[in-house]
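Listed here are the chains, written in short residue letters.
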Amino acid sequence: MKKRTMTNIITKIIPILIIAMFVLIIPQKKVNADTIYDAKNASWGNVYRGYLGTESTKFYKITLPKSGLVNISFSTSSRPADVDIFYAKDMKNSLNYMRTEYSNNYGFYTAQETVPLLAGTYYVRVANWNGWYDSGNYAIKLTYASSKETYKETPGTRNDYFSTAKPMTKGKNYRGMNLYGRDTQDMYKISSKRKGTYKFTGKVNKGSGETVFFIFNKNGQDVTSKVTGQRWISAKRGCSVNFSAKLNKGTYYLKAVNYSSKNYCFYSIKMK
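Rules and cut-offs
Residues numbered from 1 in each chain as written. Predicted model: local features only at pLDDT ≥ 70, side-chain atom pairs only at ≥ 80, totals over all residues. Heavy atoms only, no water. Pairing = 2+ DSSP bridges. Helix = DSSP H or I, 4+ residues; strand = E, 2+ residues; numbered from the N terminus. pLDDT = per-residue confidence, 0-100. Contact = heavy atoms within 4.5 Å. Core = buried A, V, L, I, M, F, W, Y, C linked by side-chain atoms within 4.5 Å. Buried < 20%, exposed > 50% of the residue type's maximum accessible area, 1.4 Å probe, protein only. Salt bridge = Lys/Arg side-chain N within 4 Å of Asp/Glu carboxyl O. Axes fitted to C-alpha atoms, helices over the stretch in contact; angles between N-to-C directions. Phe/Tyr/Trp six-rings, centres within 6.5 Å; stacked < 30°, edge-to-face > 60°.

Participant: Is there a simple way to think about the sheet that holds strand E3 (residues 57-64) in this case?
Facilitator: Hydrogen bonds between backbone atoms are what pair the strands of a sheet, whose relative direction is either parallel or antiparallel. Taken together, five strands build an open sheet; the order of strands is E1-E3-E9-E5-E6 and the sheet is mixed. With partners counted over all chains shown, the strands left at the sheet margins are strand E1 (40-41) and strand E6 (96-99), one partner each. Relative to strand E9 (residues 120-127), strand E5 (residues 82-87) runs antiparallel, the two sharing six bridges. Within E9, the residue paired with Asp 84 across the bridge is Arg 125.

Printed below as a string of structure tokens:
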């Protein structure tokens, strides 16, 4: 248990130490990325360094091919600074905010956070709002872990409703990601060609939330209890849930819902 705990601590510390090296040792240069129009295209895993003057901002552009997790490691040398994330089509509403805080252990200001995002283009804004204070050098590193979702979802195109439900067929494993508060559910369309029993296996592969599965008929009525005999079909991280549904010929919908106040769930669902 001690070895595992120590490994987790080291895993969290190493990214900060790497960023620290770039902030405190390597001379910084001016980054010409003061607005979204000259934002710097950021590559995953690279460390970007610069200098923040008074009341200044820098923008980095990132694109997620599929929904997933963006990890931000950020540090500043002499003053706290802020990081916001904006969807490219909505620069008014920040999707995530964090500020560096001074660490007695490191001797400088750090912040690190993992942010779940839907597929699409985003801008990461680094800002110094400290008035006449000067933030000095900064360094930022962005990494990405894909949800490997089967059907791509963006903030503008989500598979959340009957009208946007994506087809589900037997024998195929479907992957998705649900975000608390922004994309809490996914909908799949099942075309039952004949009366019979369909078997399902659901699983939460990553995240701290809980995915609950429901079945609806074509009229939008929840028939989960009627066709499965279960009122509550829930999967938690690392655990599989198996259930069967007796369906008549016709159209049905399976809904996967993030049923907790946690950030996100990577889930999978398969129909046999």
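Now, onward.
Participant: Would you mind showing me how to read the confidence of the model for the protein chain here?
Facilitator: Regions with low pLDDT carry predicted coordinates that are not meant to be interpreted in detail. Summarising the model, the protein chain shows a mean pLDDT of 87, and 86% of its residues fall at 70 or more. The least confident element of the protein chain, judged by mean pLDDT, is helix H1 (residues 2-24) at 51; the most confident is helix H2 (residues 224-228) at 97. The model gives residues 1-7 a pLDDT under 50, and that stretch makes zero contacts with residues more than four places away or in other chains.

Participant: What should I look at first to understand the nonpolar core in this one?
Facilitator: Soluble globular proteins tend to pack their nonpolar side chains together in the buried interior. In terms of nonpolar packing, the biggest core is built from 29 residues, with Ile 72, Phe 74 and Ile 140 touching the most fellow members. Core analysis: the second largest hydrophobic core is formed by 25 residues, Phe 213, Val 227, Tyr 252 and Cys 265 among them.

Participant: How do you make sense of the pattern of salt bridges when you look at a structure like this?
Facilitator: Where charged atoms of side chains with opposite charge meet at close range, the side chains can pair. Under the counting rule described, the total for this entry stands at five salt bridges. In this structure, the salt-bridge partner of Asp 34 is Lys 58, at a minimum N-O distance of 2.7 Å. Of this pair, Asp 34 sits in the loop between H1 and E1 while Lys 58 is found in strand E3, placing the two residues 24 residues apart along the sequence. Lys 58 gets classed as buried once you look at its relative accessible area, which sits at 4%. The closest approach of N and O atoms between Asp 84 and Arg 125, which form a salt bridge, is 3.1 Å. Highlighted residues: Asp 84 in strand E5 and Arg 125 in strand E9, separated in sequence by 41 residues.

Participant: I keep staring at the sheet that holds strand E17 (residues 240-247) and nothing clicks. Help me out?
Facilitator: In spatial order, the strands read E12-E19-E14-E17; together these four strands make up an open sheet with antiparallel pairing. Of all the strands in the sheet, the pair left with one neighbour each is strand E12 (173-179) and E17. Averaged over all pairs of adjacent strands, the angle between strand axes in this sheet comes to 25°, irrespective of strand direction. Looking at chain direction, strand E14 (residues 196-207) and strand E19 (residues 264-271) are connected through seven bridges and run antiparallel. Counterpart to Thr 201 in the pairing with E19 is Lys 270.

Participant: Which parts of the structure should I look at to understand the packing of aromatic side chains?
Facilitator: Describing an aromatic ring pair means giving the distance of the ring centres and the angle of the ring planes. Summed over all chains, the structure comprises 17 aromatic pairs. Ring plane angle 50° and centroid distance 6.2 Å describe the contact between Phe 74 and Tyr 138, whose orientation is recorded as tilted. Of the two residues, Phe 74 is situated in strand E4 (residues 68-76) and Tyr 138 in strand E10 (residues 136-146); the sequence distance between them amounts to 64 residues. For Phe 74, a relative accessible area of 1% gives the class buried.

Participant: For this particular structure, what's the right way to read the environment of Ile 36?
Facilitator: Within the secondary structure layout, Ile 36 lies in the loop between H1 and E1. Separated by 25 residues in the primary sequence, Ile 36 and Lys 61 place their C-alpha atoms 7.9 Å from one another. Apart from residues lying up to four places away in sequence, Ile 36 is in contact with Phe 59, Met 91 and Tyr 123.

Participant: Looking at this model, I keep getting lost on the side chain of Thr 211. Mind explaining?
Facilitator: Take Thr 211: it is sitting in strand E15 (residues 210-217). When its relative accessible area of 0% is taken as the criterion, Thr 211 is described as buried. With near-sequence residues (within four places) excluded, Thr 211 lies in contact with Val 204, Ile 233, Ser 234, Ala 235, Ala 256, Val 257, Cys 265 and Tyr 267.

Participant: Mind showing me how you'd approach the pairing of E4 here?
Facilitator: Every other side chain in a regular strand lies on the same face of the sheet, so the side chains alternate between the two faces. Taken across its nine residues, E4 has nine buried, putting it largely inside the fold. Sheet analysis places E4 next to strand E8 (residues 108-117), joined by nine bridges and oriented antiparallel. The residue of E8 that forms the bridge with Asn 71 is Thr 114. With nine bridges joining them, E4 and E10 adopt antiparallel strand pairing. If you follow Thr 76 over to E10, its bridge partner there is Tyr 138.

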